[in-house]
Amino acid sequence: MATEITLVLLNAQSADGTVRKQAEENLKQFQEQNLAGFLLSLAGELSSDEKPVDSRKLAGLILKNALDAKEQHRKFELVQRWLSLDVSVKGQIKTCLLQTLSSPVPDARSTASQVIAKVAGIELPQKQWPELIVSLLGNIHMVPVHVKQATLETLGYLCEEVSPDVVEQDQVNKILTAVVQGMNASEGNNEVRLAATRALYNALGFAQANFTNDMERDYIMRVVCEATLSPEVKIRQAAYECLVSISSTYYEKLAPYIQEIFNITAKAVREDEEAVALQAMEFWSSICDEEIDILEEYGGDFNVADSDIPCFYFIKQALPALVPMLLETLLKQEEDQDQDEGAWNLAMAGGTCLGLVARTVGDDIVPLVMPFIQKHISEPDWRQREAATYAFGSILEGPSPDKLTPIVNVALNFMLTALTKDPNNHVKDTTAWTLGRIFEFLHGSTMETPIINNSNCQQIITVLLQSLNDVPNVAEKACGALYFLAQGFEDVGSSSPLTLYFQEIVQALLSVSHREDAGESRLRTAAYETLNEVVRCSTEETAAMVMQLVPVIMMELHNTLEAQVQKLVSDEREKQNELQGLLCGCLQVIIQKLGTAEPTKHAFMQYADQIMNLFLRVFACRSATVHEEAMLAIGALAYAAGPDFAKYMSEFYKYVEMGLQNYEEYQVCAVTVGVVGDICRALEDKVMPYCDGIMTHLLKDLSSNLLHRSVKPPIFSCFGDIALAIGENFEKYLSYAMPMLQSAAELSAHTSGADDEMIEYTNLLRNGILEAYSGIFQGFKNSPKTQLLIPYAPHILQFLDSIYMEKDMDDVVMKTAIGVLGDLADTLGSNAAALIQQSMSSKDFLNECLTSEDHLIKESAEWAQLAIHRAISV
C-alpha cells in the first residue's frame with residue numbers, strides 16, 4: 001500500500017465517484033491496519049519533490065486531520081493517539097515535515113507549515129520537540145528566499161496553535177525578532193514580508209513582555225506602521241490587521257502612536273483599495289469597542305475618580321477629524337448592496353463605525369453629524385439622500401433622548417414621506433431601517449417625552465403597512481420598524497394606541513407571509529417575528545382578536561403538514577420546514593399570551609388537543625429545526641395546561657427521548673431538557689411513570705463525550721426540577737445523581753488561570769449544580785426520608801465554601817448558592833447544625849450576601865439566615 005500511496009491519493013480526488021470512493025476506502029483501511037506506516041507514507045509523500053502537487057497537498061491535509069478535530073472529545077483522542085506513537089516514527093515524520101519547508105513547491109511548503117504547527121501544539125506543552133523553534137530560527141538565515149518565507153509562515157501558525165506560556169521568553173524574543181525583521185522595509189522579497197506580517201498577527205499574544213518595554217514596542221509599532229505603506233496591497237492589508245489586533249490587545253499602550261495611526265488610517269480609508277480601507281476603518285471600530293467596554297464597566301460606579309478609569313478617550317479626541325472621514329465613506333455605496341445578504345463595503349463599514357462612535361461619545365457626535373444630514377437629505381442624487389439617512393440612523397444609539405427627541409420630532413414626518421414617495425429603493429430601505437432604530441431607542445414607556453402620540457400614530461402605521469407591499473428588502477425593514485413600534489407599547493398598561501389597528505396589522509403581516517417573493521431578504525421570517533412581537537405586546541383589549549388568530553395559524557400549520565405528505569423536492573421541503581418552525585414559534589407566543597391569563601385560559605384550552613396533535617405531527621415528519629420550535633411550543637403548552645398535560649405524555653414521551661438523545665444537534669437536546677423541566681412543573685408527581693426513562697437519558701447525556709458542554713448545566717438543573725416534582729420518590733436516583741453532582745462540583749470549584757469564556761461556563765455549571773441541590777432539598781422537605789441527604793451535606797457545604805473562596809462567581813450563582821445554604825438548613829434542621837456552624841459559608845459568605853446591593857441576593861440571604869437560625873436553635 002505504501003508504494004501505491006501516490007495513486008490512491010490522486011484517485012481520492014478523481015472526478016469519477018466510483019474511483020474516488022474506492023480510494024477513500026483504501027486510505028481508511030491502511031490507516032486502521034497500520035497507523036504508523038500510514039502517517040509515515042503520508043509524510044514521505046508530502047516531502048518528496050518527485051511527487052505530483054495534488055497528491056502532496058492531500059497527503060498533508062490528511063496528516064493534519066489526523067492530529068486535530070473540531071469536537072473536543074475527538075481532538076483529545078487524536079492527541080493521545082499521536083503521543084502514544086513510537087518515538088522513532090514521530091521523529092521520521094517530523095524530519096520529513098521540516099525538510100518540506102525547503103521544497104520549491106509553494107503548496108507543499110504551506111501545507112507542511114500547518115502540520116508542523118499542529119504537531120507543535122501537541123508536543124510543546126508536553127515538553128517534547130524542544131529543538132523545533134531553534135531549528136526554525138536557524139532557517140531564517142537560509143539563502144533560498146522561499147525557505148525563509150515558509151519558516152515565517154510556520155512560526156505564525158505555531159503561535160496560533162500554542163499558548164504563550166509554553167514558550168520560554170528567550171525564545172519568544174527570538175521569534176519576534178525574526179518576524180519583525182522579516183517585515184522590515186529593507187526586506188527585498190514581498191512573499192517573505194507578507195509571511196512575516198501575517199506571522200506577527202498570530203504572535204502578538206506572545207508579545208506581552210515586549211510591549212511593556214518602550215524601545216521594543218516603539219520598534220514593533222514603527223515596523224507595523226511602515227508595512228501599512230508597502231506597495232504590495234496584501235502586505236498593507238495584513239499590517240492593518242495587526243494594528244486592529246494591537247488596538248484591542250494593547251489598548252493601554254497606544255497613546256504615543258495614536259496621532260500617527262490616525263494619519264495613515266485616514267489616508268487609507270480615503271485612497272486605498274477597499275480591502276485595505278476596510279481594515280483601516282476596523283481599527284477605529286475596535287478602539288470604540290474597547291472604550292465602550294471600559295466606560296460600561298466603570299460607568300455606573302461614581303466612586304471611581306476619573307483618573308482611575310483606564311480610558312484614554314481616543315475617540316473623543318479624534319472626533320473632529322474622525323467623523324468627517326466616516327461621513328465621506330457613506331457616499332461610497334454599491335448599487336446592489338441591499339439585495340445581497342452578505343454584502344459588506346466601505347459605506348456599510350463607515351455607518352457601523354459611526355454607530356460605535358455614537359455609543360462611545362454620546363451627545364458630542366450629534367452636532368458633528370447634523371450639518372451633513374441637513375446638507376444631503378434632499379439632494380437630487382440618491383447617494384446623498386441615502387448617506388444622510390444612514391448617518392441619522394447610525395447615531396440614534398448613544399446620545400441621550402433629550403438630545404435626540406427634538407431632532408426626531410422634526411425628522412419623523414420627513415422620513416414617513418420618504419418611505420412612501422422616494423423614487424429610489426436604497427433610500428427607502430435605509431429610511432425604513434432608520435425608523436426601526438428610532439422606535440427601538442427613543443420610543444417606550446421609559447421615555448419622558450413620547451415621540452409617538454395619538455396624532456401621528458395613525459400616519460406611522462398607515463405608512464408602514466403600505467411599505468409591507470414594497471420590494472422584499474424594503475418590506476423586511478418595515479417589518480422591523482413595526483416590531484420595535486409594538487415593543488415600545490409593551491408596558492403601557494391596559495390601553496395601547498395599537499389596539500385600534502391590531503386587526504389590520506395582523507392581517508397585513510399574514511398577507512406578507514403569503515407573498516410569492518417572501519423567501520427573499522428574510523421577508524417571511526421577519527413577518528412572523530413581527531407578528532409574534534405584536535401578539536406578545538398586545539393588551540387585554542385585543543385578547544379576543546388573538547383568539548381568532550389561533551385557528552388561522554393552526555390551519556397554516558396543517559397545510560404545511562399536508563404539503564409534506566406530497567413528497568416535495570428537497571428545496572420545497574426546506575421551505576416547508578422553515579415555515580413550520582415559524583408557525584410553531586407563533587403558536588408558542590399565542591399559548592403564552594392566552595393560556596396563562598385567567599380571562600382567556602378556559603376558552604383557549606379548548607384548542608389544546610388539536611394544537612398538541614399538530615405538534616406531534618410536526619415531530620413525525622422529523623427535521624431538526626422544526627423539532628426545536630415545536631419542542632419549545634410544547635413546553636409553553638405544558639405550563640399552560642398544568643396537570644392536564646398528563647394525557648399527552650404517552651404520545652409525546654418518545655419524542656422527549658429522541659430529543660434527549662440528539663447529541664448531533666445539541667440545541668435540540670438543550671431545549672428538550674428545558675421542556676422536561678416545564679413538564680415536571682406542570683405534572684408534579686404525575687410525571688413519576690416517565691422518570692426512570694428520563695433520568696437514564698439525562699445520566700447518559702452527562703457521561704457522554706459527544707454532547708456539547710453547554711447542555712450539561714441545564715441537565716443538572718433538571719435533576720432539581722424532577723426532585724421538586726416527585727419529592728421523596730427521588731430516593732432511588734440519589735445514588736446515581738449525587739456522585740455526578742459531586743464530581744462536577746469539584747471540577748467547577750476551582751478556576752485558577754481560566755479565561756473569561758471558561759469562567760462564564762463554570763458559573764453556568766455551578767448554577768446548574770446548585771439548582772439541582774436546591775430542588776433535591778426542597779423535594780425531600782418534611783419527608784421522613786430527609787436523613788438520606790445527611791451524608792451529602794459535608795460535601796455540599798465544602799462546595800459552597802470553595803466557590804466562595806475562588807471569588808469569581810457571578811450574581812446569579814451567588815443568589816442560588818446562598819439559597820442552597822438556606823435549603824440545606826431548612827430541610828436537614830438540627831441534623832446539620834454542627835456542620836453549618838463550622839462552614840465558612842454560614843459566616844463570611846452569608847454576611848457578604850446580607851449586605852449585597854442586589855436585592856434578590858439580599859432576600860435569599862435573609863431567608864437563609866432565618867433557616868440557619870431555626871436549625872441551630874432547635
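Calculation criteria
- Residues numbered from 1 in each chain as written.
- Predicted model: local features only at pLDDT ≥ 70, side-chain atom pairs only at ≥ 80, totals over all residues.
- Heavy atoms only, no water.
- Helix = DSSP H or I, 4+ residues; strand = E, 2+ residues; numbered from the N terminus.
- Rg over C-alpha atoms; globule rule 2.2 N^0.38 Å.
- Contact = heavy atoms within 4.5 Å.
- Areas by Shrake-Rupley, 256 points an atom, 1.4 Å probe, with all protein chains shown as cover.
- Axes fitted to C-alpha atoms, helices over the stretch in contact; angles between N-to-C directions.
- Parallel < 35°, antiparallel > 145°, perpendicular 65-115°, else oblique.
- Nonpolar A, V, L, I, M, F, W, Y, C, P; charged D, E, K, R; others polar.
- Salt bridge = Lys/Arg side-chain N within 4 Å of Asp/Glu carboxyl O.
- Buried < 20%, exposed > 50% of the residue type's maximum accessible area, 1.4 Å probe, protein only.
- Expected span 1.5 Å × (residues − 1).
- Phe/Tyr/Trp six-rings, centres within 6.5 Å; stacked < 30°, edge-to-face > 60°.
- Lys NZ or Arg CZ within 6 Å of the ring centre and 35° of its normal.
- Core = buried A, V, L, I, M, F, W, Y, C linked by side-chain atoms within 4.5 Å.
- Disulfide = S-S within 2.5 Å.
- Left-handed = near helix turned anticlockwise from the far one by under 90°.

Asker: Can you explain the overall build of the protein? Please cite residues and give values.
Answerer: In terms of helices and strands, the protein carries 42 helices and zero strands. Taking 2.2 N^0.38 as the reference for a compact globule, 874 residues should give roughly 29 Å; the C-alpha atoms of the protein span a radius of gyration of 32 Å, in line with that estimate. C-alpha atoms of the protein, sized along the principal axes, occupy 85 × 75 × 70 Å. If you take every contact in the protein between residues at least 6 apart in sequence, the share linking residues at least 24 apart comes to 72%. Roughly 38900 Å² of accessible area belongs to the protein as shown, and the carbon and sulfur atoms make up 51% of that amount.

Asker: So what about the packing of helix α4 (residues 53–65) against helix α7 (residues 106–123)? Which residues, and what values?
Answerer: At a closest axis distance of 9 Å, the pairing of α4 and α7 adopts a crossing angle of 10°. Viewed along their axes, α4 and α7 adopt a mutual orientation that is roughly parallel. When α4 is examined against α7, the residues V53, R56, K57, G60, L61, L63 and K64 are found in contact with a partner set consisting of D107, A108, T111, Q114, V115 and K118. Counted by class, the contact of α4 with α7 contains five nonpolar, three polar and five charged residues.

Asker: Give me the lowdown on the pattern of salt bridges, citing residues and values where you can.
Answerer: Enumeration over the complete set of coordinates arrives at 37 salt bridges. For D272, the salt bridge goes to R236, with nearest N and O atoms at 2.7 Å. Within this pair, whereas D272 is found in the loop between α15 (258–271) and α16 (274–299), its partner R236 is found in helix α14 (residues 233–249), the two being separated by 36 residues in sequence. Summarising the burial analysis for this pair, D272 and R236 share the class buried.

Asker: Give a description of helix α22 (residues 425–442) that names residues and reports values.
Answerer: The first and last C-alpha atoms of α22 sit 25 Å apart over 18 residues, in line with the 26 Å expected at 1.5 Å per residue. For α22, a buried count of 14 out of 18 residues is recorded, marking the element as mostly surrounded by other parts of the structure. The first or second residue beyond α22 is G444, which carries a positive phi of 160°.

Asker: A description of the packing of aromatic side chains should follow, citing residues and the corresponding values.
Answerer: Under the definition given, this model contains 17 aromatic pairs. Centre to centre, the rings of F645 and F652 are 6.1 Å apart; their planes meet at 85°, and the pair counts as edge-to-face. Its relative accessible area of 0% is what places F645 among the buried residues. Relative accessible area serves as the criterion here: at 0%, F652 is assigned to the buried category. An aromatic cluster is defined as three or more aromatic residues linked by ring pairs; in this entry it consists of F619, F645, Y648, F652 and Y655. Between R709 and the ring centre of Y761, over which it is positioned, the NZ or CZ distance is 4.4 Å. Over the aromatic face of Y804 sits the side chain of K807, whose NZ or CZ is 3.5 Å from the ring centroid.

Asker: Tell me about unusual backbone geometry, residues and numbers included.
Answerer: Most of the time, phi is negative for any residue but glycine, and the peptide bond is trans. Here S521, not a glycine, exhibits a phi torsion of approximately 50°, which is positive. Judged by its relative accessible area of 19%, S521 falls in the buried class. Its identity is not glycine, yet N782 carries a phi of approximately 65°, on the positive side. Positionally, N782 belongs in the loop between α37 (756–780) and α38 (793–806). Using a relative accessible area of 72% as the deciding quantity, one classes N782 as exposed.

Asker: Just give me the short version of the nonpolar core, but keep the residues and values in it.
Answerer: With 308 residues, the main nonpolar core has F439, F645, F652, F719 and F730 as its most contacted residues. The biggest single contributor to this core is α16, with eleven residues. Once you skip the residues sitting within four places of it in the chain, F719 turns out to touch M695, L698, L699, L702, F730, A737, L741 and A772.

Asker: Residues and numbers for helix α35 (residues 712–726), please.
Answerer: The periodicity of an α-helix, 3.6 residues per turn, causes residues three or four positions apart to be oriented the same way. The first and last C-alpha atoms of α35 sit 22 Å apart over 15 residues, in line with the 21 Å expected at 1.5 Å per residue. Burial analysis of α35 places 13 of its 15 residues in the buried class, which makes it a mostly covered element. One or two steps after α35, the chain reaches G727, where phi turns positive at roughly 60°.

Asker: Report on the side chain of S538, specifying residues and quantitative values.
Answerer: Structurally, S538 is set in the loop between α26 (523–536) and α27 (543–565). Relative accessible area serves as the criterion here: at 11%, S538 is assigned to the buried category. Discounting residues that sit within four places of it in the chain, S538 has contacts with F502, V546 and K593.

Asker: Tell me about the environment of Y157, and name the residues and values.
Answerer: Along the chain, Y157 turns up in helix α9 (residues 145–161). C-alpha of Y157 to C-alpha of N202: the two residues are 45 residues apart in sequence and 7.2 Å apart in space. Setting aside chain neighbours within four positions, we find Y157 in contact with S110, S113, Q114, A117 and N202.

Asker: Summarise the state of the cysteines; cite the residues concerned and give the values.
Answerer: Simply put, the disulfide is a covalent bond whose two ends are the sulfur atoms of two cysteines. Enumeration over the complete set of coordinates arrives at zero disulfides. C225 supplies the cysteine sulfur nearest to C242, a cysteine that is in no disulfide, at a spacing of 11 Å. Among the residues examined, C242 registers a relative accessible area of 0% and is labelled buried. The thiol sulfur of C311 is not disulfide-bonded, and the nearest other cysteine sulfur, from C288, lies at 11 Å. Take C311: its relative accessible area is 8%, and that puts it in the buried class.

Asker: I'd like a description of the packing of helix α6 (residues 87–100) against α7, backed by residues and values.
Answerer: Direction vectors running N to C along α6 and α7 enclose 140°, while the axes themselves pass 8 Å from each other. The angle between α6 and α7 falls in the class oblique. For the element pair α6 and α7, the recorded crossing hand is left-handed. Here α6 contributes K90, K94, L97, L98 and T100 to the contact with α7, which in turn contributes A108, R109, A112, V115, I116, V119 and E123. Considered class by class, the residues forming the contact of α6 with α7 number seven nonpolar, one polar and four charged.

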